[in-house]
Amino acid sequence: TVKSTEGSATQIQVDLTPFAANQATVYLKFNSQGNHDIFWAIDDIKLISVPMLDVAVDTVSLNQFVPAGNTIITGRMRNAGGVTLNSVDMTYTINGSGTTSQSFGNLNIPPFGTYDFAFPTPAPLDSFIKYTIAINAFAPNGGNDAVASNNTSSKDVYALSAMPSKNILLEELTTAQCQYCPI
């Protein structure tokens, strides 16, 4: 099932193995329900053979601005392989040096599933500068990762001496000329 808003594209991966395994012929059918005034399109369908062991680091989930001091490094990993992912080794570096390692176990991530992780060892972001945080994942289930190109993700983070408070202003405005409408 794909839910999309008008004007946006959504990419999904669907594991067809339970339906197509060892079958001589497999048919795909698409149904669309809704009130789509303009059109609805499906494009660039690819049937691929998925490697057994493949872990991917999708994102580094830190905010762009963090308070100076110790910061917990967080992100999202994805099981891009064909078997359940139970363990993975990960590292993070700050500005290309100071590698911190962590083994994550008891994960139980199904194929194409995701997992939000947090390193227990915080990163010392003490200076008021830009930091490049790079996260690398390897050794899924203690084996060799089949696709190394998706194992790393990085993000630039700025440590600030103080986090400013944010105030939100909402104002109703119409373009109609009326007695009670702001102009």
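It should be noted that the structure appears before, not after, this text.
What you see is a predicted model, and the numbers here were worked out from it, not measured in a lab.

Draft legend 1. Main features of the overall build of the chain. The secondary structure content of the chain amounts to one helix and ten strands. The order of helices and strands in the chain, counted from the N terminus, is α-β-β-β-β-β-β-β-β-β-β. Counting over 183 residues, the chain shows a buried share of 25%. Expressed as a percentage of contacts within the chain between residues at least 6 apart in sequence, the contacts between residues at least 24 apart total 68%. Entry remark: accessible area of the chain is about 13200 Å², with carbon and sulfur atoms responsible for 50%.

Draft legend 2. Examining the pattern of salt bridges more closely. Overall, the coordinates contain three salt bridges when judged by the stated rule. Across the salt bridge formed by Asp58 and Arg78, the nearest N and O atoms sit 3.0 Å from each other. Highlighted residues: Asp58 in strand S1 (residues 55-60) and Arg78 in strand S4 (residues 74-79), separated in sequence by 20 residues. Of the charged contacts in the structure, one is a salt bridge between Arg76 and Asp116, with a shortest N-O distance of 2.7 Å. Remark: Asp116 occurs in strand S7 (residues 114-118) and Arg76 occurs in strand S4; sequence separation between them is 40 residues. With a relative accessible area of 49%, Asp116 lands in the partly exposed category.

Draft legend 3. Structural view of the sheet that holds S1. In spatial order, the strands read S1-S4-S7; together these three strands make up an open sheet with antiparallel pairing. Only two strands of the sheet have a single neighbouring strand rather than two, namely S1 and S7. Here the average twist between neighbouring strands, direction ignored, is 30°.

Draft legend 4. Quick peek at the nonpolar core. Core analysis: the biggest nonpolar cluster contains 25 residues, and Met77, Met90, Leu125, Ile133 and Ile135 have the highest contact counts within it. When residues of this core are traced back to their parent elements, those giving at least two are S1, strand S5 (88-94), strand S8 (123-125), strand S9 (130-138) and strand S10 (152-160). Residues within four places of Leu125 in sequence aside, it is in contact with Val66, Ala68, Gly69, Thr71, Ile94, Tyr131, Ile133, Val157 and Ala159.

Draft legend 5. Broad picture of the sheet that holds strand S6 (residues 97-104). One open sheet holds the five strands; their spatial order is S2-S10-S9-S5-S6, and the pairing between them is mixed. The two strands at the open ends of the sheet, each matched to only one other strand, are strand S2 (65-67) and S6. Averaged over neighbouring strand pairs, the angle between their axes works out to 30° when direction is ignored. Across three bridges, the pairing between S2 and S10 is parallel. Considered in S10, the bridge of Phe65 is made with Tyr158.

Draft legend 6. Structural detail: the pairing of S6. Relative to S6, S5 runs antiparallel, the two being bridged by six bridges. Across the sheet, Thr91 pairs through a bridge with Ser101, a residue of S6. The loop that links S5 with its antiparallel partner S6 comprises two residues; one of these, Asn95, has a positive phi angle of about 55°.

Draft legend 7. Just unusual backbone geometry, in detail. In the Ramachandran plot, Asn106 falls in the positive-phi region, its phi being about 55° despite a non-glycine side chain. For Asn106, the location among the structural elements is in the loop between S6 and S7. Phi is positive for Phe112, close to 70°, though the residue is something other than glycine. The topology assignment puts Phe112 in the loop between S6 and S7.

Cut-offs applied
Residues numbered from 1 in each chain as written. Predicted model: local features only at pLDDT ≥ 70, side-chain atom pairs only at ≥ 80, totals over all residues. Heavy atoms only, no water. Helix = DSSP H or I, 4+ residues; strand = E, 2+ residues; numbered from the N terminus. Buried < 20%, exposed > 50% of the residue type's maximum accessible area, 1.4 Å probe, protein only. Contact = heavy atoms within 4.5 Å. Areas by Shrake-Rupley, 256 points an atom, 1.4 Å probe, with all protein chains shown as cover. Salt bridge = Lys/Arg side-chain N within 4 Å of Asp/Glu carboxyl O. Pairing = 2+ DSSP bridges. Axes fitted to C-alpha atoms, helices over the stretch in contact; angles between N-to-C directions. Core = buried A, V, L, I, M, F, W, Y, C linked by side-chain atoms within 4.5 Å.

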